Amino acid sequence: MSGQENSTVFADVLQALQQEAVIAYPTEAVFGLGCDPDSEKAVNALLALKQRPWQKGLILIAANYEQLKPYVDDAALSDEQRATIFSCWPGPVTWVIPANPKTPSWLTGSFDSLAVRVSNHPLVQQLCLRYGKPLVSTSANLSGQEPCRTVEEVRMQFGPSLPVLVGQVGGRLNPSEIRDALTGKQFRQG
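Residues numbered from 1 in each chain as written. Predicted model: local features only at pLDDT ≥ 70, side-chain atom pairs only at ≥ 80, totals over all residues. Heavy atoms only, no water.

Examining the packing of aromatic side chains
- If you walk through the whole model with that rule in mind, you get 2 aromatic pairs.
- Ring centres 5.0 Å apart and planes at 70° place the aromatic pair Tyr-65 and Phe-86 in the edge-to-face group. Here the residue Tyr-65 occupies a position in helix 3 (residues 65–68), and Phe-86 occupies one in helix 4 (residues 79–88), the gap between them amounting to 21 residues.
- Note on Phe-86: relative accessible area 36%, which makes it partly exposed.
- Here Tyr-65 and Trp-89 contribute two aromatic rings whose centre-to-centre distance is 6.2 Å and whose plane-to-plane angle is 40°, an arrangement assigned as tilted. With Tyr-65 in helix 3 and Trp-89 in the loop between helix 4 and strand 4 (93–98), this pair connects stretches of sequence that are 24 residues apart. As far as burial versus exposure is concerned, Tyr-65 and Trp-89 are alike and both buried.
- Taken together, the aromatic side chains of Tyr-65, Phe-86 and Trp-89 make up a single cluster linked through ring pairs. (Phe/Tyr/Trp six-rings, centres within 6.5 Å; stacked < 30°, edge-to-face > 60°. Helix = DSSP H or I, 4+ residues; strand = E, 2+ residues; numbered from the N terminus. Buried < 20%, exposed > 50% of the residue type's maximum accessible area, 1.4 Å probe, protein only.)

Quick look at the structure:
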């Protein structure tokens, strides 16, 4: 893909994000559905599309930890806990970190924590850097369907009008591992 084509592809999804729309994009294992985490309208549209209750909370995916800091309570982490988190990032481990008290409930759900990940997928990295913030990330699949692993599968499940960042998923078979940043407890195996 030439640089110009790449910019065009990014332009479409960036414009969709700015218009509070839901997009799909490749991650380490599957395509993700995402939106602007600061837009309640966009998050509600994503939850409706997924048929997912808001109480479950969502994951934020980012290019670096700095993008996640406004949403988490960094002061709640010890230097040792931070070092453990950073040893896994960028990569396929999602950490549940105490949320910043200002983080909206449409992200945290019924919890006082937030699940966050710094992705090592190059398109996710570029997308978050170009957008200037993290994105909501949940697997691209309708309730009861398998997560999408190709652009074609995304279009089959969600139709041709959903903006998609065209690219390949990484080689992982399973979704990201989820761990508690304070205790190290594993919530989901990766």
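Now that the structure is up, let's keep going.
Things to note about the pairing of strand 3 (residues 59–62)
- Along strand 3, one buried face is formed by Ile-59 and Ile-61 and the opposite face, lined by Leu-60 and Ala-62, is buried too.
- For strand 3 and strand 5 (residues 113–118), the ladder comprises 4 bridges, and the chain directions are parallel. If you follow Ala-62 over to strand 5, its bridge partner there is Val-118. (Pairing = 2+ DSSP bridges.)

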